[in-house]
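Tertiary structure, described
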Amino acid sequence: MDSREKFLNVINFKKKSPIPNWEFAYWYDTIQRWYKEGLPKEKPPTKLEFGQWIAGEAYPSPDVFYDSLNLYDIDVHNFFGFDERAHSVAVDAGPIPLFEKEIFIEDSETITYRREDGKIVKTKKDGGSMPQFISYPVKNKKDFNNIKERFNPDSIDRFPAKFDELINEYNNRTYPLQITGGYYSLGFFSIIRELVGLEAGLYLFYDDPILVYEILDFFTDYYIRLYSKIVSRVKVDYILIWEDMAFKNGPLVSPNIFKKFLLQFYKKFTSKMKEFEIEHFFVDTDGNFEVLIPLFLEGGVTGFTPFEVQSGLDIEKIRENYTNLIIMGGIDKKVLSKNKEFILRELKKVKRMLEKGGYIPYTDHMVPPEVSFDNYKFYRTE
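Now for a description of the structure that goes with this document. Counting of residues starts from 1 at the beginning of each chain's written sequence and follows it residue by residue. Side-chain atom pairs in this predicted model are given and counted only at pLDDT of 80 or more, local residue features only at pLDDT of at least 70, and totals for whole chains, interfaces and linings cover all residues. Side-chain descriptors were evaluated using all non-hydrogen atoms of the structure, hydrogens and water having been removed beforehand.

For the chain, the helix and strand inventory stands at 14 helices and 15 strands. Restricting the calculation to C-alpha atoms gives the radius of gyration, and the globule rule supplies 2.2 Å times the number of residues raised to the power 0.38. Here the C-alpha atoms of the chain give a radius of gyration of 20 Å, agreeing with the 21 Å that 2.2 N^0.38 yields for 382 residues. The rule is simple: take the accessible area with a 1.4 Å probe, protein chains only, and divide by the maximum for that residue type; under 20% is buried, over 50% is exposed, in between is partly exposed. For the chain, the residues scored as buried account for 57% of the 382 residues in total. Residues count as neighbours in contact if any of their non-hydrogen atoms are within 4.5 Å of one another. Sequence separation of 24 or more characterises 71% of the internal contacts of the chain that already satisfy a separation of 6 or more. A total accessible area of about 16,800 Å² is found for the chain, and carbon and sulfur atoms account for 49% of it. Here a helix means four or more residues in a row that DSSP labels H or I, a strand means two or more in a row labelled E, and each is numbered from the N terminus. All accessible-area figures derive from a Shrake-Rupley calculation using a 1.4 Å probe, and residue coverage is judged against the displayed protein chains alone.

A pair of strands is treated as paired once DSSP finds two or more bridges between them. Here strand β4 (residues 102-106) pairs with strand β5 (residues 110-114) via four bridges, running antiparallel. Bridge assignment links Glu106 to a residue of β5, and that residue is Ile111. The antiparallel hairpin formed by β4 and β5 contains three residues in its connecting segment.

Of all hydrophobic cores here, the largest spans 95 residues; its most connected members are Val236, Ile239, Phe269 and Tyr376. Examining the composition of this core, we find that twelve residues originate from one element, helix α9 (residues 209-231), more than from any other. Residues Trp53, Tyr59, Tyr72 and Ile360 belong to the second largest nonpolar core, which totals 21 residues. Take the buried Ala, Val, Leu, Ile, Met, Phe, Trp, Tyr and Cys residues and link them wherever side-chain atoms come within 4.5 Å; each set so joined is a nonpolar core.

With that settled, the discussion passes to the side chain of Thr285. Mapped onto the secondary structure, Thr285 falls in the loop between β12 (281-284) and α11 (293-298). Taking relative accessible area as the criterion, Thr285 reaches 0% and is therefore assigned buried. Polar contact is the term for a pair of N or O atoms within 3.5 Å; when the atoms are in protein, one must be able to donate a hydrogen and the other to accept it, and sequence-neighboring residues count only if both atoms are side-chain atoms. At 3.5 Å, the side chain of Thr285 forms a polar contact with the backbone nitrogen of Asp244. Setting aside residues up to four positions removed in sequence, Thr285 forms contacts with Glu243, Asp244, Met245, Ala246, Thr305 and Pro306.

What follows covers the packing of aromatic side chains. In this scheme Phe, Tyr and Trp rings, the latter by its six-membered ring, pair at centre separations within 6.5 Å, and the angle between planes marks the pair as stacked below 30 degrees, edge-to-face above 60, and tilted otherwise. Following the criterion strictly, the structure yields 40 aromatic pairs and no others. Two thresholds decide whether a charge sits over a ring: the Lys NZ or Arg CZ must be within 6 Å of the ring centre and within 35 degrees of the ring normal. Residue placement shows Lys101 over the ring face of Tyr113; its charged tip is 4.9 Å from the ring centre. The positively charged end of Arg150 is found above the aromatic ring belonging to Phe99, 3.9 Å away from the centroid.

Here's what the structure looks like:
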């Protein structure tokens, strides 16, 4: 049974089907540690210039981006014999043209510069931490009007030259296929944050609600027009909506704000994609978003990832409350750095979840460098 068959069986709640053997992602330093502890080093991943994200099988980004930069894990995949990873349609949904990279301040350890997505960030040169965001491309309506021209869904540069060949491959695939989009990936809360910044974006819901509606209306139409070019030619297995809209204590917006601003655009987008027989819409968000689940479901969402345990999410409780919800992730990454007794306890939870169906197990975010290779081997082979 290939990776796609396993995936489709699980998300359709066929309980006795084999599950995809996947991992979510790793810190770059985690894999470097494992090389020292016995992981064969054949094709090491390349560090991101603004972070340490190394993708596993469960978290695809557009192949034109990740494959070209060698940002997928290969060596861990081969060592453990993981199933074929999910793929994402080769589409560039970000700004075209990209912003010009510009360095503002640089010293021996850090660099402050404008990234190609328009954000000004300060980051360590060794990639040893997440970047500090200094400025965002949209501060007012004038800025938003100016940036619109970079989001033309009909730009010929949004798809690779050999896209027709890829369509043929996609229609004969053995792996799950999704759409997300790279820079400015599909999201309704996230597009506000990506353009304006988190703090300014939260204020914007109150200070300039008209601009919020304009941004959401523009980008919903943009993604519908762009994604329709894909789903009219190939039936993807799911569409990934990237939000990251919660922290440990709960979501960044209240249910009322979600209902007032976001819900209508979720419905508009998912309804249009359903016309092309797309059945599944997954949301990737960190933090504790549990209170928003009913609204997500009303908006057409069918599943979530990665269910961060440290934020208080309990996937067994959520399964009891939402029996038809697709759950992916939810294994406490921090437990993997403890002793084997803790790991076994976590694996018992996984077994109970698998018995109920609709669940794909992997860690609740990137595997951290505190996890030894021996512990990870135990977790994967026990």
